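One-letter residues, chain by chain:
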Amino acid sequence: MLFKNKIEYTKGMFVEIYRTEMKKVLLVLRIITGLAVAAAILFMIYGAVTRGSVLPGDFFNLGISVLMALLCTFLPNLMARSQMKKCKKKGLLGQRTLRFTEHVLTMTYEKEGRSTDIPLEQLAKVTEFDNYIRITIGGRSTFLDKKRFEIGDAAAFVTWAEDRIAENAEKEEEALALEETEREAPALEDGEAKTEESDEN
């Protein structure tokens, strides 16, 4: 066994992941909503000075701007809560153990006592966060807790995973090249046969 890790999905994990992945988007949204709040306040002040009173519509515009700003602030939390609900429906909550050998990832759900084997040829991507590692394998995302490696460690795992992904990409390219060669072979044989027939004639 190369690596062994224990992970339990939590809301805090998903909040960290969404905050990291959406960093740039959240920054842009905060700037836009901040400008909207500032503009609403300025319009209120301008209306109070020119009209001598503040209209209900001014309060409405300010309220909407503040609500959007709060929504942007708590967006990762809302998405994390939604993701936890999805995980609960799919039975993905609870502690699981991930064991990596040279060829297979064995994922064991401790509470249910069931295991799933996924060939490491399907390992396609690794992403590192502050406290977690996400791998894309078999068309889905799986997470590892950096602090809970029982065999190996986080840094060694990331390096190993990146090397393995590069190997998988090379094998896939070789397989595609071989498949293309096999498709071209009959056409070449037909061409050679036609050439021989024309020479005989």
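Residues numbered from 1 in each chain as written. Predicted model: local features only at pLDDT ≥ 70, side-chain atom pairs only at ≥ 80, totals over all residues. Heavy atoms only, no water.

Attention now moves to the environment of Arg114. With respect to the element layout, Arg114 can be found in strand S4 (residues 114-119). Arg114 gets classed as partly exposed once you look at its relative accessible area, which sits at 35%. Here Arg114 is in contact with Gly91, Met107, Thr108 and Tyr109, once residues within four sequence places are set aside. (Helix = DSSP H or I, 4+ residues; strand = E, 2+ residues; numbered from the N terminus. Buried < 20%, exposed > 50% of the residue type's maximum accessible area, 1.4 Å probe, protein only. Contact = heavy atoms within 4.5 Å.)

Listing the buried residues of helix H1 (residues 11-21) in full gives Met13, Phe14, Val15, Glu16, Ile17 and Tyr18. Where H1 is buried, its residues meet strand S1 (3-7), helix H3 (56-89), strand S6 (132-137) and strand S7 (140-145).

If pLDDT is low for a region, its predicted coordinates should not be looked at in detail. Residues of the protein with pLDDT of at least 70 account for 91%, and the chain-wide mean is 85. Within the protein, no element has a lower average pLDDT than helix H4 (residues 154-200), which sits at 74, and none a higher one than strand S8 (residues 149-151), at 93. (pLDDT = per-residue confidence, 0-100.)

A few words on the nonpolar core. With 37 residues, the main nonpolar core has Phe14, Phe100, Leu105, Ile133, Ile135 and Phe157 as its most contacted residues. For this core, the leading source of residues is H4, giving six residues. Those residues in contact with Phe100, other than ones at most four positions away along the chain, are Met1, Leu2, Phe3, Leu105, Leu120, Ile135, Leu144, Phe157 and Trp160. (Core = buried A, V, L, I, M, F, W, Y, C linked by side-chain atoms within 4.5 Å.)

Time to look at the pattern of salt bridges. Between side chains of opposite charge, a pair can form as their charged atoms come close. For the structure shown, the criterion picks out six salt bridges. For the salt bridge of Arg134 with Glu21, the shortest nitrogen-to-oxygen distance reads 2.1 Å. With Arg134 in strand S6 and Glu21 in helix H1, the pair connects residues that are 113 residues apart, well separated along the chain. Judged by relative accessible area, which is 16%, Arg134 ranks as buried. (Salt bridge = Lys/Arg side-chain N within 4 Å of Asp/Glu carboxyl O.)

What follows is about the pairing of strand S2 (residues 96-100). Within S2, four of the five residues are buried, leaving the element largely enclosed by the surrounding structure. Pairing of S1 with S2, which is carried by five bridges, proceeds in the antiparallel orientation. Note that in S2 the partner of Lys4 across the bridge is Arg99. Hairpin connection, S2 to strand S3 (residues 104-109): the antiparallel pair is bridged by three residues. (Pairing = 2+ DSSP bridges.)

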